[in-house]
Amino acid sequence: PADDGSVALASGRPLNALGVGAVGRIQLILPTDADVFAYLWARRIVPRQTVAVTAIAPMQGPITLRIDDSEVALGQAMAALILVEPVLLETDQRL
């Protein structure tokens, strides 16, 4: 919190809002139970980590992420708890 007691709202968008090929930097993991935090931590899904969406299964299926040299699949509900800031890659020409 700031000196005046205010708390800055998290910026970013839910991980499950990114499309295939998108890259994001994790800003915040929304409050949840300790088991979810432990699950994510064990898979290096932590604030400031950069992740790339490599696949999204149809029908609200899992989202597959590349983290460094490994891949991790997350369900939509869990991905919605993770707020990310999209990362613009040097090879990305969109502005």
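Anything mentioned here points back to the structure above.
Below is a summary of the structure that appears in this document. Because the structure is a prediction, the values reported are computed rather than measured.

1. Observations regarding the nonpolar core
Moving on, step 1. One finds L15, I26, L40, I45, L65, L74 and I82 to be the most contacted residues of the largest nonpolar core, which totals 17 residues.
Moving on, step 2. Residue assignment for this core shows that the elements contributing at least two residues are β2 (23–29), α1 (34–42), β3 (50–56), β4 (63–67), β5 (70–74) and β6 (82–86).
Moving on, step 3. With three residues, the top contributor of residues to this core is β4.

2. Concerning the pattern of salt bridges
Moving on, step 1. In the structure shown here, the tally under the stated rule is one salt bridge.
Moving on, step 2. Taking the shortest distance from any N to any O, the salt bridge between D68 and R44 comes out at 3.1 Å. Taken as a pair, D68 in the loop between β4 and β5 and R44 in the loop between α1 and β3 lie far apart in primary sequence, 24 residues in all.
Moving on, step 3. A residue is classified by how much of its surface remains accessible, and D68, at 51% relative accessible area, is exposed.

Criteria and thresholds
- In this convention, every chain numbers its residues from 1, walking through the sequence in written order.
- Residues qualify for local features only when their pLDDT is at least 70, as the model is predicted, and side-chain atom pairs are given and counted only at 80 or more; totals for whole chains, interfaces and linings, by contrast, use all residues.
- Only hydrogens and water are set aside; all other atoms, that is, all heavy atoms of the structure, feed into the side-chain values.
- To qualify as a nonpolar core, a set must consist of buried Ala, Val, Leu, Ile, Met, Phe, Trp, Tyr and Cys residues joined through side-chain atoms within 4.5 Å.
- To sort residues, take the accessible area from a 1.4 Å probe on protein chains only and compare it with the maximum for the residue type: under 20% means buried, over 50% means exposed, and anything in between is partly exposed.
- Strands are runs of DSSP state E lasting at least 2 residues, helices are runs of H or I lasting at least 4, and numbering of each runs from the N terminus.
- The term salt bridge refers to a side-chain nitrogen of Lys or Arg lying within 4 Å of a carboxyl oxygen of Asp or Glu.

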